[in-house]
Amino acid sequence: MADYDPILSVRNLRTEFSGGRGDVRVLDDVSFDVGRGKIIGLVGESGSGKSMTALSLMGLVPKPQGRVNAGSILLDGTEISKLDAAGMRRIRGRDIAMVFQEPMTSLNPVRRVWEQVGEPLAIHKGLGRSAIRKRVLEMFEMVGIPEPQTRLDAYPHQLSGGLRQRAMIAMGLICEPKLLIADEPTTALDVTTQAQILRLMRDLRDRVGTSIILITHDLGIIAEMCDEVNVMYAGQMVEQANVFDLFENPSHPYTRGLLASIPRATEARVARRMPSIPGMVPNLAKLPPGCRFAPRCRDAMPTCQRPPDLETVGTGHVARCWLHAGQTALQSEATR
Ligand code: SF4
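Residues numbered from 1 in each chain as written. Predicted model: local features only at pLDDT ≥ 70, side-chain atom pairs only at ≥ 80, totals over all residues. Heavy atoms only, no water.

Engineer: In this structure, what is going on with the overall build of the protein chain? I would like to understand it.
Structural biologist: Scanning the protein chain from N- to C-terminus turns up 13 helices and 14 strands. Its C-alpha radius of gyration of 21 Å places the protein chain within 12% of the 20 Å reference for a compact globule of 336 residues. Principal-axis analysis of the C-alpha atoms gives the protein chain an extent of 75 × 55 × 40 Å. The proportion of buried residues among the 336 residues of the protein chain is 48%. Considering only contacts within the protein chain whose residues lie at least 6 apart along the sequence, 64% involve residues at least 24 apart. Roughly 16,000 Å² of accessible area belongs to the protein chain as shown, and the carbon and sulfur atoms make up 51% of that amount. (Helix = DSSP H or I, 4+ residues; strand = E, 2+ residues; numbered from the N terminus. Rg over C-alpha atoms; globule rule 2.2 N^0.38 Å. Buried < 20%, exposed > 50% of the residue type's maximum accessible area, 1.4 Å probe, protein only. Contact = heavy atoms within 4.5 Å. Areas by Shrake-Rupley, 256 points an atom, 1.4 Å probe, with all protein chains shown as cover.)

Engineer: Just checking my understanding: could you explain the site of the ligand for this structure?
Structural biologist: Every residue near the ligand is listed here: H252, P253, C291, F293, A294, C297, D299, A300, C304, C321, W322 and L323. When grouped by side-chain class, the residues that make up the shell around the ligand number ten nonpolar, one polar and one charged. (Near = heavy atom within 4 Å. Nonpolar A, V, L, I, M, F, W, Y, C, P; charged D, E, K, R; others polar.)

Engineer: Would you mind going over the sheet that holds strand β2 (residues 22-34) with me for this structure?
Structural biologist: Within a sheet, adjacent strands bond to each other through the backbone by hydrogen bonds, running parallel or antiparallel. Within the open sheet, the four strands sit side by side as β2-β1-β4-β5. Their pairing is antiparallel. Each edge of the open sheet is held by one strand with a lone partner, namely β2 and β5 (78-79). (Pairing = 2+ DSSP bridges.)

Engineer: Where do I start with the sheet that holds strand β13 (residues 310-314) in this structure?
Structural biologist: The sheet built from eight strands is open, its strands ordered β6-β7-β8-β3-β9-β10-β14-β13 with mixed pairing. Two strands in the sheet have a free side with no partner beyond their single neighbour: β6 (96-99) and β13. Averaged over all neighbouring strand pairs, the angle between strand axes comes to 20°, with direction disregarded. In terms of strand pairing, β6 meets strand β7 (residues 179-183) through four bridges, oriented parallel. (Axes fitted to C-alpha atoms, helices over the stretch in contact; angles between N-to-C directions.)

Engineer: When you look at unusual backbone geometry in this model, what are you seeing that I'm missing?
Structural biologist: Where the residue is not glycine, phi is negative for most of them; where a peptide bond is considered, it is trans in most cases. Residue K63 is joined to P64 through a cis peptide bond whose omega torsion reads 10°. Looking at where P64 falls in the secondary structure, it is placed in the loop between α1 (50-58) and β4 (66-75). If you check the backbone angles, N12 has positive phi at about 50° while not being a glycine. Structurally, the position occupied by N12 is in strand β1 (residues 8-19). Even without a glycine there, the phi angle at E147 is positive, about 45°. Here E147 is to be found in the loop between α6 (129-142) and α7 (148-151).

Engineer: Help me understand the side chain of N230 in this model?
Structural biologist: Mapped onto the elements of the fold, N230 is located in strand β9 (residues 228-233). Residue N230 is classed as buried on the basis of its relative accessible area of 4%. In this structure N230 touches F32, I40, G41, L42, V43, M237, E239 and Q240, once residues within four positions along its chain are discounted.

Engineer: Before we go on, may I ask you to explain the packing of aromatic side chains in this structure?
Structural biologist: A ring pair, where both rings are aromatic, is described by two values, the distance of the centres and the angle of the planes. Counted by the stated rule, this structure contains three aromatic pairs. Aromatic ring contacts, followed pair by pair, group Y233, Y254 and F293 into a single cluster. Above the plane of the ring of W114 lies R133, whose end atom (NZ or CZ) is 5.4 Å from the centre. (Phe/Tyr/Trp six-rings, centres within 6.5 Å; stacked < 30°, edge-to-face > 60°. Lys NZ or Arg CZ within 6 Å of the ring centre and 35° of its normal.)

Engineer: Looking at this structure, I do not really get the environment of L13. What am I missing?
Structural biologist: In this structure, L13 sits in strand β1. Residue L13 is classed as buried on the basis of its relative accessible area, which comes to 0%. Along the backbone, L13 and G118 are 105 residues apart, and their C-alpha atoms lie at a distance of 32 Å. Sequence-distant contacts of L13, that is, excluding residues within four places in its chain, are made with L27, D28, D29, V30, S56, V68, A70, G71 and I73.

Engineer: Which parts of the structure should I look at to understand the pattern of salt bridges?
Structural biologist: Opposite charge on two side chains makes pairing possible when the charged atoms of those side chains draw close. Following the criterion strictly, the structure yields 21 salt bridges and no others. Here the residues in one salt-bridge network are R14, E16, D23, R25, D28, R67 and R292, joined through shared partners. (Salt bridge = Lys/Arg side-chain N within 4 Å of Asp/Glu carboxyl O.)

Engineer: What's the story with the pairing of strand β8 (residues 211-216) in this structure? I'm lost.
Structural biologist: The side chains of a regular strand alternate, first on one face of the sheet and then on the other. Judged by how many residues are buried, β8 sits mostly within the fold: six of six residues are covered. Once you follow β7 into helix α9 (residues 191-208) and on to β8, the crossover reads as right-handed. (Right-handed = clockwise from strand over helix to strand, strands pointing away.)

Engineer: Sorry if this is basic, but what is going on with the environment of F100 here?
Structural biologist: Take F100: it is sitting in the loop between β6 and α3 (103-106). Through-space distance from the C-alpha of F100 to that of S72 is 24 Å; in sequence the pair is 28 residues apart. Sequence-distant contacts of F100, that is, excluding residues within four places in its chain, are made with S106, Q165, D183 and P185.

Engineer: Just checking my understanding: could you explain the packing of helix α8 (residues 161-173) against α9 for this structure?
Structural biologist: For any two helices packed against each other, one specifies the inter-axial angle together with the distance between the axes. At a minimum axis separation of 10 Å, α8 and α9 run at an interaxial angle of 15°. Considering their axes alone, α8 and α9 lie roughly parallel with respect to each other. Considering only the axes of α8 and α9, their crossing is right-handed. Here G162, Q165, R166, I169 and L173 of α8 come into contact with α9, specifically with T193, Q196, I197, L200, M201 and L204. (Parallel < 35°, antiparallel > 145°, perpendicular 65-115°, else oblique. Left-handed = near helix turned anticlockwise from the far one by under 90°.)

Engineer: Can you help me understand the environment of Y155 in this one?
Structural biologist: Mapped onto the fold, Y155 is located in the loop between α7 and α8. Among all residues touching Y155, those that are not within four sequence positions of it are P109, V110, R111, R112 and V113.

If you want it as structure tokens, here you go:
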């Protein structure tokens, strides 16, 4: 957790969905901070809760089945978790914005790009069409869209995937939000475009000062981009550390498994994927007792049948694992 004045402070966030088999807790006691001007990574496999965290922060959890029903989300000192739909609409796009993985699903195919990118300016700043068009042109130049004047009037399908993602980043930043959430922003792009988009996001953080939550399953991107990392598993935070500590001293067996799965170049310079973590993320409606990672964990022991808490393993570094429980806890367990 940040020991400074964060732009975002999330505490004990709980999000649930109702279904035929009762309530399912998709986020359980999630807490983390985002420092001002920092890039924070949320990493984990599909189903770990990364995107649900983003939707909870944005007030976009699908209703009526889903709801944030406990915890606190402080954005620059303002509690936003209790805002109603109109209150969230007022801050969404202005104070907190989101870039999704596949822009085609977020862009309206029958509206010109400039009108969509500039829409937050109409909603939040009340600007007229010519002022909006001028500002969108500036943003297109800033995010490196070539021939920006002619792209203004394009429809989404007339842009490449990389240009659409640049347009989405322009839309996310057009009101200079305090926080940008980027959910797998480069997954659908080729490697070259991916590198360009990541560089762009880092440059924009440096120039505009926007804090960024970067959601990805790719630890290589985390290493390149982030100041701090939050590792999620089955709806919980399982490890939090600054990026150097996480890579130097991964403390949770799940994090170690993720790191071991990163493709490495062999001496023959052939990309080779290391063994991945056996098994799958559990069904949240049928969680194992105790540690949620236990069925996949090589280090599991009898103690792991009880749920572990987050334990401090270093300065600003915590892990949810009995391997790091205090000696007192282990001793009391041994005498039961
Ligand atoms: Fe593995 Fe036990 Fe740690 Fe869970 S608590 S990650 S099962 S060692």
